[in-house]
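Each chain, written out:
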Amino acid sequence: MSSQLNSFSAVSLIAKREFTVQVMKKSFVISNVIILAVIVGGIIAFSIFSGSGDEERDVIGVAGDQSIAAVLEATGDAVGSPVEVRDVADAAAARSGVESGDLDVALVPDGTTGAYTAITESDLTGTLRAVVEGSVATEATNAALAQQGVDQNELAATTGAATVTVDAIDPPDPEAGQRTALALSAVFLLYAQIIGFGMYVAMGVVEEKSSRVVELLLSTVRPLQLLWGKILGIGAVGILQLALYGIAGVGAGLGTGVLTITGAAVSVFAATLAWFILGFAFFAVLYAAGGSMVSRQEDVNSTTMPLLILIMAMFFAAFYSVSDPESTLANTLSWIPPFSAIMMPLRIAAGVTSPVQIVGSAVLMIVTTAILAMGAAKIYQRSILRIGKTVSWKEAFAR
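Residues numbered from 1 in each chain as written. Predicted model: local features only at pLDDT ≥ 70, side-chain atom pairs only at ≥ 80, totals over all residues. Heavy atoms only, no water.

Under the annotation held in an unreviewed UniProt entry, the chain carries the name ABC transporter permease and is attributed to Rhodococcoides yunnanense. A UniProt comment under Subcellular location (unreviewed entry) is attached to the chain, and it reads "Cell membrane". (UniProt positions renumbered as here; feature names shortened; annotations may be inferred.)

A. A look at the overall build of the chain. When you go through the chain residue by residue, the secondary structure sums to 15 helices and four strands. For the chain, the C-alpha radius of gyration of 32 Å lies well beyond 21 Å, the compact-globule estimate for 399 residues. If you line up the chain on its principal axes, its C-alpha atoms span 105 × 40 × 35 Å. When contacts within the chain are restricted to residue pairs at least 6 apart in sequence, those whose partners lie at least 24 apart make up 74%. Here the chain displays about 20,800 Å² of accessible surface, and carbon together with sulfur accounts for 62% of that area. The centroid of the 21 positive side-chain charges in the chain is displaced by 36 Å from the centroid of its 33 negative side-chain charges. (Helix = DSSP H or I, 4+ residues; strand = E, 2+ residues; numbered from the N terminus. Rg over C-alpha atoms; globule rule 2.2 N^0.38 Å. Contact = heavy atoms within 4.5 Å. Areas by Shrake-Rupley, 256 points an atom, 1.4 Å probe, with all protein chains shown as cover. Lys, Arg positive; Asp, Glu negative; His and termini not counted. Charge placed at Lys NZ, Arg CZ, Asp CG, Glu CD.)

B. Layout of unusual backbone geometry. Omega for the bond connecting Pro-337 with Pro-338 falls within 30 degrees of zero, at 0 degrees, which places this linkage in the cis form. The residue Pro-338 is located in the loop between helix 12 (328-333) and helix 13 (340-350) in this model.

C. Structural view of the packing of helix 7 (residues 176-210) against helix 10 (residues 262-292). Look at helix 7 against helix 10: their axes get within 8 Å of each other, and the N-to-C directions meet at 25 degrees. Between helix 7 and helix 10, the angle is such that the two are roughly parallel. Pair helix 7 / helix 10 crosses with right-handed handedness. Tallied by class, the residues present in the contact of helix 7 with helix 10 amount to 20 nonpolar, six polar and two charged. (Axes fitted to C-alpha atoms, helices over the stretch in contact; angles between N-to-C directions. Parallel < 35°, antiparallel > 145°, perpendicular 65-115°, else oblique. Left-handed = near helix turned anticlockwise from the far one by under 90°. Nonpolar A, V, L, I, M, F, W, Y, C, P; charged D, E, K, R; others polar.)

D. Up close: the side chain of Ser-340. Here Ser-340 shows up in helix 13. A relative accessible area of 0% means that Ser-340 is categorised as buried. Beyond its immediate chain neighbours, meaning those up to four positions away, Ser-340 contacts Trp-275, Leu-333, Ser-334, Pro-345, Ser-361 and Met-365. (Buried < 20%, exposed > 50% of the residue type's maximum accessible area, 1.4 Å probe, protein only.)

E. How the structure looks around the environment of Val-79. Within the fold, Val-79 resides in the loop between helix 3 (67-78) and strand 2 (83-88). Given a relative accessible area of 46%, Val-79 falls into the partly exposed group. Separated by 49 residues in sequence, Val-79 and Leu-128 place their C-alpha atoms 9.9 Å apart. Each residue touching Val-79, except ones within four places of it in the same chain, is listed here: Thr-127 and Val-131.

F. Fine view of the nonpolar core. Judged by nonpolar contacts, the single largest core of 76 residues is most densely connected at Leu-226, Trp-275, Phe-280 and Phe-283. At 17 residues, the largest contribution of residues to this core is made by helix 10. If we ignore the near neighbours within four places in the chain, the residues touching Phe-280 are Ile-194, Phe-197, Gly-198, Val-201, Ile-231, Ile-234 and Gly-235. Counting residues in hydrophobic clusters, the runner-up holds 15 residues, among them Val-62, Leu-124, Val-132 and Val-136. (Core = buried A, V, L, I, M, F, W, Y, C linked by side-chain atoms within 4.5 Å.)

G. How the structure looks around the confidence of the model for the chain. Confidence in the prediction of the chain, expressed as mean pLDDT, is 85, and 90% of residues score 70 or more. When mean pLDDT is taken per element in the chain, helix 12 scores highest with 93 and helix 6 (residues 152-159) scores lowest with 65. (pLDDT = per-residue confidence, 0-100.)

H. Examining the packing of aromatic side chains more closely. This structure, assessed with the given rule, holds eight aromatic pairs. Measuring from ring centre to ring centre gives 5.4 Å for Phe-315 and Phe-316, while their planes differ by 65 degrees; the resulting arrangement is edge-to-face. For Phe-315, a relative accessible area of 9% corresponds to the buried category. Of the residues examined, Phe-316 reaches a relative accessible area of 48% and is grouped as partly exposed. (Phe/Tyr/Trp six-rings, centres within 6.5 Å; stacked < 30°, edge-to-face > 60°.)

I. Seen up close, the layout of surface pockets. There is about 580 Å³ of room inside the largest pocket. It is helix 7 that contributes the most residues to the lining of the largest pocket, eight residues altogether. Roughly 260 Å³ of volume is contained in the second largest pocket. If you trace the second largest pocket, you find 15 residues lining it, with Glu-18, Val-21, Gln-22, Gly-204 and Glu-207 closest to the centre. Secondary-structure elements contributing two or more residues to the lining of the second largest pocket are helix 1 (7-23), helix 7 and helix 9 (223-256). Each residue belonging to the lining of the second largest pocket can be placed in one class, and the counts come to five nonpolar, four polar and six charged. (1 Å grid on protein atoms, 1.4 Å probe; cavity = no way out; pocket = protein on both sides within 12 Å on 5 of 7 lines; lining within 4 Å. Points joined across faces, edges and corners; volume = space filled by probe spheres on them.)

J. Geometry of the pattern of salt bridges. In total, this model carries eight salt bridges according to the counting rule given. Among the salt bridges present, the one from Arg-86 reaches Glu-84, with a minimum N-O distance of 3.1 Å. The exposure class assigned to Arg-86 is partly exposed, which follows from its relative accessible area of 34%. When salt bridges that share partners are traced, they join Arg-17, Glu-18, Glu-208 and Lys-230 into one network. (Salt bridge = Lys/Arg side-chain N within 4 Å of Asp/Glu carboxyl O.)

K. Here's a closer look at the packing of helix 3 against helix 5 (residues 126-147). Helix 5 packs onto helix 3 with a crossing angle of 130 degrees between their chain directions and a minimal axis gap of 9 Å. Taken together, the axes of helix 3 and helix 5 lie oblique to each other. Classified by chirality, the crossing of helix 5 by helix 3 is right-handed. Contacts from Ser-67, Ile-68, Val-71, Leu-72, Thr-75 and Gly-76 in helix 3 reach Val-131, Val-132, Ser-135, Val-136, Thr-138 and Glu-139 in helix 5. Split by residue class, the contact of helix 3 with helix 5 holds six nonpolar, five polar and one charged.

Structure below.
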């Protein structure tokens, strides 16, 4: 490396070196292949064992006249509990079907017009009871009206307008479950990636310092060039890994039908990548400063523990807010760096953010990171060549 290298060339070379070293590690390749297989395999298994979204229906057997079958199906659909109706030969077949578990209930005419005996394993309760009793009553009413010579079509036309229109103030979101799953995935991924790659930065700094490699490097590049080259190189590895996880997860989800909200899935994926960059940049400069303050890898935790506590606080705040992303806590923290790095993807997944908030919180995060970077860079410059006693944060800031 020439001493005449300009800043861009020096940072680029160091970043390329860091990126290559990390992705060429056998442990990195193997662990990521395993994780990707787990992600894809888990989603495929979920889609299979969850029945691919098929609706579970109660099965009702009807012996004899099947005219009540259509009424049973219509009543089940009306109350939101669809049923499957099967024709059974007689009472004996009906009882056998219930005993074997093929039928949830069987209806057998008891000889009285419109009356049935319901054969069940134990008791007839809940929605299924309402469907059966409502259907029997409806069928009996229809039969009585027919005996009186009432035109069913004319009656239906006359009473057809007597309906209930629901005007819900807060209607349920049919996509809420998928949005919650996306939000949780984003929170867990960001938590793991920021901690993991932040520690990579700190451990890399300590490794170079303890082996005295940093002294050779600083003979040809400036401390800040070394610092930013390391952060950019390791950050690129983090982005690559997160992108692979996201592509595998979203692709498998959409391919198996577990995810049906394509637009939301893609936007959450993009938001997670973007906010990882901002969150990693915020913590990477601090992890680099923390790593420069010690001379042994076993001492890294002593200077990076405050950062770990802060990241854990971010995670628990986000996890607490998953159930209510519109709460005052979630809305407030999404504006405060570094909490915004994990809260904003969560709120984007829930669909409760505005473009103004997204841009505004990103700008605040960038400005705060730039200010912290200047302080962390000074600590790095002051501490990187100090061998021996661990430098405390108080000492680092006081110098």
